[in-house]
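Structural features, examined
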Protein chains: 2
Amino acid sequence: MVCEWPGGTGPLGEERLRALLADLPEPWLLGNEGPETFSPFDNLGHLIDGEETDWIPRARLILAQGPSVRFEPYDRFRHRGRNAGRTLQSLQSEFEKLRLANLELLRSWQLTAAQLELRGEHPALGPVTLRELLAAWVAHDLGHVAQVARVMAKQYAHEVGPWLPFLPVLTDRPSPGPSAS
Amino acid sequence: MVCEWPGGTGPLGEERLRALLADLPEPWLLGNEGPETFSPFDNLGHLIDGEETDWIPRARLILAQGPSVRFEPYDRFRHRGRNAGRTLQSLQSEFEKLRLANLELLRSWQLTAAQLELRGEHPALGPVTLRELLAAWVAHDLGHVAQVARVMAKQYAHEVGPWLPFLPVLTDRPSPGPSAS
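Structure report, in brief. Chains are numbered independently. Their residues run from 1 in the order of the written sequence. Chains and ligands are labelled by the order in which they are written, letters from A for the one and numbers from 1 for the other. A pLDDT threshold of at least 70 governs which residues receive local features in this predicted model, and a stricter bar of 80 or more applies before side-chain atom pairs are shown or counted, although totals over entire chains, interfaces and linings include all residues. Only hydrogens and water are removed before side-chain values are computed, so all heavy atoms of the structure are retained for them.

Moving on to the overall build of chain A. Here a strand is any run of E in DSSP of at least two residues, a helix any run of H or I of at least four, and the numbering for each starts at the N terminus. A count of helical and extended segments in chain A gives eight helices and two strands. Note that accessible areas follow from Shrake-Rupley with a 1.4 Å probe, and for residues the cover is restricted to the protein chains shown. Of the roughly 7,800 Å² of accessible surface on chain A, a fraction of 54% belongs to carbon and sulfur atoms.

Okay, structure coming up:
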């Protein structure tokens, strides 16, 4: 389905995350799931890092097919230092600007089937195609939308009384898992 | 935090789900995670059932404190028959109408701390307070927003190549779990 989103911005639309976070007070935005886990604010910062340092820069590298097609590792915690003291609103504006520009650039490339099969080298995963990179961008995004909703739900774990064991979103734990996005 | 959402509709805003699903073609809306799991379309139908048969009807029952405060069981699959042949757009409009009316009603009650401690009887969970019911409404909603994003991500599980094991949202499975929402 990659690159076949009719009109609009498809599942990568930056307005989806804005709607999820719009007008919420701080406790909803800064709560997390425990030490070393991401709050909604962190998720947004992480997505900004992806726009600036991951998906499109890697796509460029693949398309250029220069002497090295090896990607820079993606720093999953770059946002922590970068965004200290920022407001959620300013991060939202920044994310939307970056995402829109990246989607425009992506569309302007008018990628061919052959280009989608070009390869780069992921520092941990080895060879990957441009098609897989773009699909991973979409899935990564949706994973963080799911995470934002899940983390917000967790803030109510102590409020729901006997419903707790019947709302899986409150009792699952994020598995730290490997970090090679 | 229940009932302290300043302005707007807080995390229960129906526009959040609309933004997540807006302008997406059918494969994104009808895909699921396997037999007996919910697609985004099903999630929306299930949330409509909640508006019509669960949260507010139960809140009314608690507030009335009549001879019986026992809730009707919540049919998690009511939507399957109810919405056959419907479009996502018509479900969205219906959900928004129901949700808005329910939030207006909730606000109009101007619930007191004492009322929030009134109890009803859940058919499976036993005694629950109005406060817990309203919190469960919020958490249940966010759980389904997370599910919608997760199920959409799953549709790309075969597209991401070597990224698969590094995107947990693609490999987790929804635990069927007990159904007592």
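The discussion continues.
To continue, consider helix α3 (residues 40–64) of chain A. All names here are of chain A. For α3, built from 25 residues, the straight-helix expectation of 36 Å at 1.5 Å per residue is met to within 8% by its first-to-last C-alpha distance of 35 Å. Throughout, the bend at a residue refers to the angle made by two axes, fitted to the seven residues ending there and to the seven starting there. Maximal helix bending in α3 amounts to about 50°, located at G50. Relative accessibility decides the category of a residue: with a 1.4 Å probe and only protein chains considered, values under 20% of the type maximum give buried, values over 50% give exposed, and everything between is partly exposed. Within α3, 18 of the 25 residues are buried, which leaves it mostly tucked inside the rest of the structure. Where α3 terminates, the next one or two residues include Q65, which has phi positive at roughly 45°. Take the residue count of a helix, subtract one, and multiply by 1.5 Å to get its expected span.

Turning our eyes to something else, we now look at helix α5 (residues 88–109) of chain B. Residue and element names in this part refer to chain B. Over its 22 residues, α5 extends 31 Å from the first C-alpha to the last, a length consistent with the 32 Å expected when each residue adds 1.5 Å. Along α5, the residues that are buried comprise L88, L91, Q92, F95, E96, R99, N102, L103 and L106. All buried residues of α5 fall inside an arc of 145° around its axis, so they share one side. Opposite the packed face of α5, turned more than 90 degrees from it, sit the exposed residues K97 and E104. Positive phi shows up at Q110, right after α5, with a value of about 45°. Note: the arc covers the axis-to-C-beta directions of the helix.

Taken together, the contacts link 55 residues of chain B with 55 residues of chain A. By buried area we mean the combined loss of accessible area, with a 1.4 Å probe, across both parts when two parts are placed together. Carbon and sulfur atoms supply 77% of the area buried between chain B and chain A, which totals about 4,500 Å² over both sides. Any carboxyl oxygen of Asp or Glu that lies within 4 Å of a side-chain nitrogen of Lys or Arg is treated as forming a salt bridge with it. Seen at the junction of chain B and chain A, the total is zero salt bridges. Counted as a polar contact is a pair of N or O atoms within 3.5 Å, where, for protein atoms, one must be capable of donating a hydrogen and the other of accepting one, and residues adjacent in sequence contribute only when both atoms are in side chains. For the pair chain B and chain A, the interface holds zero residue pairs in polar contact (both at pLDDT 80 or more). Every element with two or more residues in the side of chain B that touches chain A is listed here: α1 (14–21), α2 (26–30), α3 (40–64), β2 (126–129), α7 (130–154) and α8 (168–171) of chain B. What makes two residues a contact is simply this: any of their non-hydrogen atoms within 4.5 Å.

Once that is clear, we can look at the pattern of salt bridges. Within this structure, the stated rule accounts for 28 salt bridges over all chains. In this structure, A:E52 and A:R82 form a salt bridge, with 3.3 Å as the shortest nitrogen-oxygen distance. In this pair, A:E52 sits in helix α3 while A:R82 sits in helix α4 (residues 78–82), placing the two residues 30 residues apart along the sequence. As a salt-bridge pair, B:R58 and B:D54 come within 3.3 Å of each other at their nearest N and O atoms. Within this pair, B:R58 and its partner B:D54 are both found in helix α3, separated by four residues, close to a single helical turn. Here B:R58 and B:D54 have matching classes, each one buried. One salt-bridge network, held together by shared partners, links A:D49, A:E52, A:R78, A:R82, A:R86 and A:E94.

Right, let's get into the environment of A:W55. Residue and element names in this part refer to chain A. Here W55 lies in helix α3. Note on W55: relative accessible area 2%, which makes it buried. Placed 31 residues apart in sequence, W55 and L24 show a C-alpha to C-alpha distance of 29 Å.

Right, let's talk about the side chain of B:N102 for a bit. With respect to the helices, strands and loops of the structure, B:N102 is situated in helix α5. Residues within four places of B:N102 in sequence aside, it is in contact with B:E51, B:I56 and B:W137.

Turning next to the side chain of A:N83. Residues and elements named next belong to chain A. Residue position: N83 is located in the loop between α4 and α5 (88–109). We classify N83 as buried; its relative accessible area is 2%. Those residues in contact with N83 that sit more than four places away from it in its chain are F41, G45 and L91.

As a further point, take the relation of the copies chain B and chain A. For the least-squares superposition of copies, only C-alpha atoms count, and only for residues with pLDDT at least 70 in both. With an RMSD of 0.0 Å, the operation that places chain B on chain A is a rotation of 180° combined with a shift of 0.0 Å along the axis. Such a combination of turn and shift is consistent with a two-fold rotation axis. When C-alpha distances to the rotation axis are compared across chain B, the minimum falls at B:A146, with a value of 2.0 Å. Interface overlap between copies is the fraction of interface residues in one copy that are interface residues in the other; for chain B against chain A it reaches 100%, indicating a shared surface.

Remember that the coordinates give geometry; whether it matters functionally is a separate question.
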